[in-house]
Amino acid sequence: MREGMEVQLYDGRKDLEVVGEASYQDNLWRVVGGHGASNDRVRVEVHAVLVAETDNPYDANAVSVWIQGLRVGYLSREDARRYRPGLLALEQQHGMPIALAGAIVGGGMRPDGPGRLGVFLDHDPADFGLRPMAPPRASGSAMRTGLSDALATDQADDGYDLGWMGDLPADDLRAIKALRQLLEHEPDAIDRHYMHAHLQTLLYRSRDVFASALDEYDQACHQHDAEMDGIRAAFMAKWSQVPVLETYKQMAIRQQKAKNLEQALWWAERGIAIYGTEGARADAVEDLQKRAASYRAKLHPQPRPSRPRAMRPTQPEVEVLTCGTCGREFQRTRLRGRKPLHCPECRDQTG
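Treat the numbers as computed from the prediction; the structure is a model and nothing was measured.

Caption draft 1: Spatial organisation of the overall build of the protein chain. Scanning the protein chain from terminus to terminus reveals 12 helices and 11 strands. A separation of at least 24 residues holds for 59% of the contacts in the protein chain among residues at least 6 apart in sequence. For the protein chain, the accessible area works out to roughly 20700 Å², and carbon and sulfur atoms hold 49% of it.

What follows is the structure, encoded as structure tokens:
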């Protein structure tokens, strides 16, 4: 790969994930103008070339990502497996490398130095011969988040409209901003639930991109929970059950890792209360119940019962006496009453 080479550029509205950028931070900083050149946050529009590597010793399907002649990351293993055939077909069709529009984002100054940079690519899966991956239809006890059920009935239900999902920007940072704007005006409880859930996903995914992402993630989870009673009522009205609510499990785990077991217990118990007896997935409820029991045991350890001491057998006390006949000493077990004057041998002779 070299800078300035001719490529065929593609674009789209779907995000294609780039992984491994942490290993290529020096290259990313070179592209945006120098390592830590500014304390301001970085956003640089780029064209990224996809390269199907033929000699990668770790992944036969590896697809690397290059910007200005520098490698900056890879497609995930699963994406590389799916996209590589279409990428090779496009290269053969155009007789040149294939590039995608995207952006390098991140930076800013954190307490430990400049924030990391990440790469976001825009594409249309159809260009690579792929159909958009539709979530599987779920119902009854198989229901997970309920999103597939909501999407399946969206057009027939005037109570909510999930069309906003297809309108979100592919770039996570722009999508975060768009979701916050939607939440300012959206009245429907089911829509708000999925907006909150998607916002939390994007914020957590951006934890290495900007310093305040995790704090904003916590705030988003608290806001989501504050609305959950109304959201639960909407779920019950629509499905007569409560789908999986990832917020409670994830926040319990997050507080557990932070050694804040009281808060971990609060999130677990709050999730159990929201599910009640109407949780669509028993395994999700059982998971929270096990976590809550574990947190309680650590917060309020029960004293271990002491093992009773084994009674040591009492040894009989032995006394030494002197025979009044032969003058020899003899032993006997100490007993109450008068002491014998003669040893057993002498008693036998006189007896």
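Caption draft 2: Fine view of the side chain of Ser-206. Summarising the element assignment, Ser-206 is placed in the loop between α6 (189-205) and α7 (213-226). In this structure Ser-206 touches Asp-172, Leu-173, Ile-176 and Ala-213, once residues within four positions along its chain are discounted.

Caption draft 3: Region of the structure containing helix α2 (residues 77-94). Given a rise of 1.5 Å per residue, 18 residues ought to cover 26 Å, and the 25 Å separating the end C-alpha atoms of α2 matches this to within 8%. Among the residues making up α2, those that are buried are Asp-79, Ala-80, Arg-82, Tyr-83, Arg-84, Gly-86, Leu-87 and Leu-90. Once α2 finishes, Gly-95 follows within two positions and takes phi at roughly 70 degrees, a positive value.

Caption draft 4: Quick look at the packing of aromatic side chains. Here the structure, examined in full by the defined rule, presents five aromatic pairs. For the ring pair Tyr-83 and Phe-128, a centre distance of 5.3 Å and an interplane angle of 70 degrees mean the geometry is edge-to-face. Linking Tyr-83 in helix α2 with Phe-128 in the loop between β9 (117-123) and α3 (147-152), this pair joins segments that are 45 residues apart in sequence. You'll find Tyr-83 and Phe-128 in the same group, each marked buried. Summarising the aromatic geometry, the rings of Trp-266 and Trp-267 are spaced 5.0 Å apart at their centres and angled 85 degrees between planes, so their arrangement reads as edge-to-face. On the accessibility criterion, Trp-267 (0% relative accessible area) is buried.

Caption draft 5: Structural detail: the side chain of Glu-21. Relative to the helices and strands, Glu-21 resides in the loop between β2 (14-17) and α1 (25-32). With relative accessibility at 15%, the residue Glu-21 sits in the buried group. Not counting chain neighbours up to four residues away, the residues in contact with Glu-21 comprise Leu-28, Val-72, Leu-117, Gly-118 and Val-119.

Caption draft 6: Structural detail: the layout of surface pockets. Considered as a void within the structure, the second largest pocket measures approximately 400 Å³ in volume. Along the wall of the second largest pocket there are 19 residues; nearest its centre are Val-18, Glu-21, Arg-205, Asp-208 and Val-209. Residue assignment for the lining of the second largest pocket shows that the elements contributing at least two residues are β2 and β9. Considering each element in turn, the lining of the second largest pocket owes the most residues, four residues, to β9. Partitioned by chemical class, the residues of the lining of the second largest pocket number eight nonpolar, three polar and eight charged.

Caption draft 7: Inspection of the nonpolar core at higher detail. Judged by nonpolar contacts, the single largest core of 44 residues is most densely connected at Phe-235, Leu-245 and Tyr-275. The set of elements that each furnish at least two residues to this core consists of β6 (98-107), α5 (172-185), α6, α7, α8 (228-239), α9 (246-257), α10 (261-275) and α11 (282-299). The element best represented in this core is α10, accounting for seven residues. Sequence-distant contacts of Phe-235, defined by excluding residues within four places in its chain, comprise Ile-190, His-193, Tyr-194, Ser-240, Gln-241, Val-242, Pro-243 and Leu-245. In terms of nonpolar packing, the next biggest core, distinct from the first, is built from 29 residues, Tyr-10, Val-46, Val-63 and Leu-75 among them.

Caption draft 8: Quick peek at the pattern of salt bridges. Applying the stated criterion to the full structure yields 20 salt bridges. We note a salt bridge from Asp-172 to Arg-205, for which the minimum N-O separation is 2.7 Å. Placement of the pair is Asp-172 in helix α5 and Arg-205 in helix α6, with a sequence separation of 33 residues. Through salt bridges that share partners, Arg-43, Glu-45, Asp-122, Asp-171 and Arg-174 make up one connected network.

Caption draft 9: Looking closely at the pairing of strand β10 (residues 318-322). Side chains of β10 alternate between two faces, with Glu-319 and Leu-321 buried and Val-318, Val-320 and Thr-322 left unburied. Pairing between β10 and strand β11 (residues 329-333): five bridges, direction antiparallel. The residue of β11 that forms the bridge with Thr-322 is Glu-329. Counted between consecutive antiparallel strands, the loop separating β10 from β11 contains six residues, among which Gly-327 sits at a positive phi close to 80 degrees.

Caption draft 10: Broad picture of the environment of Gln-241. Along the chain, Gln-241 falls in the loop between α8 and α9. Accessibility expressed as a relative area gives 16% for Gln-241, which makes it buried. Remark: the alpha-carbon pair of Gln-241 and Tyr-275, spanning 34 residues in sequence, is separated by 8.4 Å.

Caption draft 11: Region of the structure containing the packing of α5 against α6. The interhelical angle for the contact between α5 and α6, taken along N-to-C directions, is 150 degrees, at an axis separation of 10 Å. In terms of orientation, α5 lies roughly antiparallel with respect to α6. Remark: the crossing between α5 and α6 carries left-handed chirality. Across from Asp-172, Ala-175, Ile-176, Leu-179, Arg-180, Leu-182 and Leu-183 in α5, the residues of α6 making contact are Arg-192, Met-195, His-196, His-198, Leu-199, Leu-202, Leu-203 and Arg-205. The residue inventory of the contact of α5 with α6, partitioned by class, reads nine nonpolar, two polar and four charged.

Rules used in this analysis
Residues numbered from 1 in each chain as written. Predicted model: local features only at pLDDT ≥ 70, side-chain atom pairs only at ≥ 80, totals over all residues. Heavy atoms only, no water. Helix = DSSP H or I, 4+ residues; strand = E, 2+ residues; numbered from the N terminus. Contact = heavy atoms within 4.5 Å. Areas by Shrake-Rupley, 256 points an atom, 1.4 Å probe, with all protein chains shown as cover. Expected span 1.5 Å × (residues − 1). Buried < 20%, exposed > 50% of the residue type's maximum accessible area, 1.4 Å probe, protein only. Phe/Tyr/Trp six-rings, centres within 6.5 Å; stacked < 30°, edge-to-face > 60°. 1 Å grid on protein atoms, 1.4 Å probe; cavity = no way out; pocket = protein on both sides within 12 Å on 5 of 7 lines; lining within 4 Å. Points joined across faces, edges and corners; volume = space filled by probe spheres on them. Nonpolar A, V, L, I, M, F, W, Y, C, P; charged D, E, K, R; others polar. Core = buried A, V, L, I, M, F, W, Y, C linked by side-chain atoms within 4.5 Å. Salt bridge = Lys/Arg side-chain N within 4 Å of Asp/Glu carboxyl O. Pairing = 2+ DSSP bridges. Axes fitted to C-alpha atoms, helices over the stretch in contact; angles between N-to-C directions. Parallel < 35°, antiparallel > 145°, perpendicular 65-115°, else oblique. Left-handed = near helix turned anticlockwise from the far one by under 90°.

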